[in-house]
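# A structural walkthrough
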Amino acid sequence: MHVHRVQEETFYVLEGECDWQVGDERVRATPGTYLFLPPGVPHNIANASDTIARVLMTVSPPGHERYFEELSETVARGGADPTTIAELRARYDTEQLSALRSQAISTPTA
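Below is a short write-up of the structure. Position numbers for residues start from 1 in each chain and track the written sequence from start to end. At least 70 in pLDDT is required for a residue's local features to be given in this predicted model, at least 80 for side-chain atom pairs to be given and counted, and no such filter applies to totals for whole chains, interfaces and linings, which use all residues. The side-chain numbers reported here are obtained from all heavy atoms of the structure, hydrogens and water having been left aside.

Moving on: the overall build of the protein chain. Put simply, DSSP marks the helices as runs of H or I at least four residues long and the strands as runs of E at least two long, and each gets a number from the N terminus on. Summing up its helical and strand segments, the protein chain has 2 helices and 8 strands in all. Going from N to C terminus, the protein chain has its helices and strands arranged as β-β-β-β-β-β-β-α-α-β. Only C-alpha atoms enter the radius of gyration; for comparison, a globular chain is expected to reach 2.2 Å times N to the power 0.38, where N is the number of residues. Taken against the 2.2 N^0.38 rule, which gives 13 Å for 110 residues, the C-alpha radius of gyration of the protein chain at 14 Å falls within 12% of a compact globule. By its C-alpha atoms, the protein chain is 35 × 30 × 25 Å across when sized along the principal axes.

The next thing to look at is a nonpolar patch on the surface. Taken together, the side chains of Tyr12, Leu14, Tyr34, Phe36 and Leu56 present a nonpolar region at the surface, about 520 Å² in accessible area. Every element with two or more residues in the nonpolar patch is listed here: β2 (8–15) and β5 (34–37). Within the fold, Leu56 resides in strand β7 (residues 54–60). Two joining distances apply to patches: 9 Å for like charges and 5 Å for nonpolar side chains (Val, Leu, Ile, Met, Phe, Trp, Tyr), and every residue must have over 30% relative accessible area and no salt bridge. Only the protein chains shown count as cover for residues, and the accessible areas themselves come from Shrake-Rupley with a 1.4 Å probe. By salt bridge we mean one thing: a side-chain nitrogen of Lys or Arg within 4 Å of a carboxyl oxygen of Asp or Glu.

Relative to the assigned elements, Glu95 resides in strand β8 (residues 95–96). Each C-alpha atom of the pair Glu95 and Pro42 lies 9.1 Å from the other, and the pair is 53 residues apart in sequence. Not counting chain neighbours up to four residues away, the residues in contact with Glu95 comprise Met1, His2, Val3 and Arg5. The contact definition used throughout considers only heavy atoms, calling two residues in contact when any of these lie within 4.5 Å.

We now examine the pairing of β5. Between buried and exposed lies partly exposed: a residue is buried under 20% and exposed over 50% of the maximum accessible area for its type, with that area taken using a 1.4 Å probe on protein chains only. Residue alternation in β5 divides its side chains into a buried set, Leu35 and Leu37, and an unburied set, Tyr34 and Phe36. Paired strands, as defined in this entry, are two strands with at least two bridges between them according to DSSP. Bridge analysis of β2 against β5 gives 4 bridges, and the strand direction is antiparallel. Looking at the pairing, Phe11 lines up with Leu35 of β5.

Okay, the packing of helix α1 (residues 65–76) against helix α2 (residues 82–91) next. For every element, the axis is a line fit to its C-alpha atoms; helices are fit only across the contacting stretch, and the angle between N-to-C directions ranges from 0 to 180 degrees. Two elements in contact, α1 and α2, have axes separated by 10 Å at closest approach and are oriented at 165°. As the angle between them shows, α1 and α2 are arranged roughly antiparallel. Crossing of α1 over α2 shows right-handed handedness. Residues Tyr67, Glu70, Leu71 and Thr74 of α1 lie in contact with α2, whose contacting residues are Thr84, Ile85, Leu88, Arg89 and Arg91. What sets the label is the angle itself: under 35 degrees gives roughly parallel, over 145 gives roughly antiparallel, 65 to 115 gives roughly perpendicular, and the rest give oblique. Note on convention: near helix rotated counterclockwise from far helix by under a right angle means a left-handed crossing. Clockwise means right-handed.

See below:
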């Protein structure tokens, strides 16, 4: 789980299935599901199946796209340890609320 203090996010599931934890609520999202997450709402996302899930995501204000660029570069260099990822997330308005799991740290794809 993590939270953004400034950013708001929207998610629209294009294909596959995702599980979101949004505050105390669990959301099973299938294609066509739309979620709006205002600042301050703890959340996480996971793929709910063995098939690829594709999600359209927007973040406001802009700039968070650089997080994904840096994350990809960090993973490619082999530096994706939890401390490094936590420091990266903190720079991009992402306060980590639960422990990062190593299987959750993988290279994002387009």
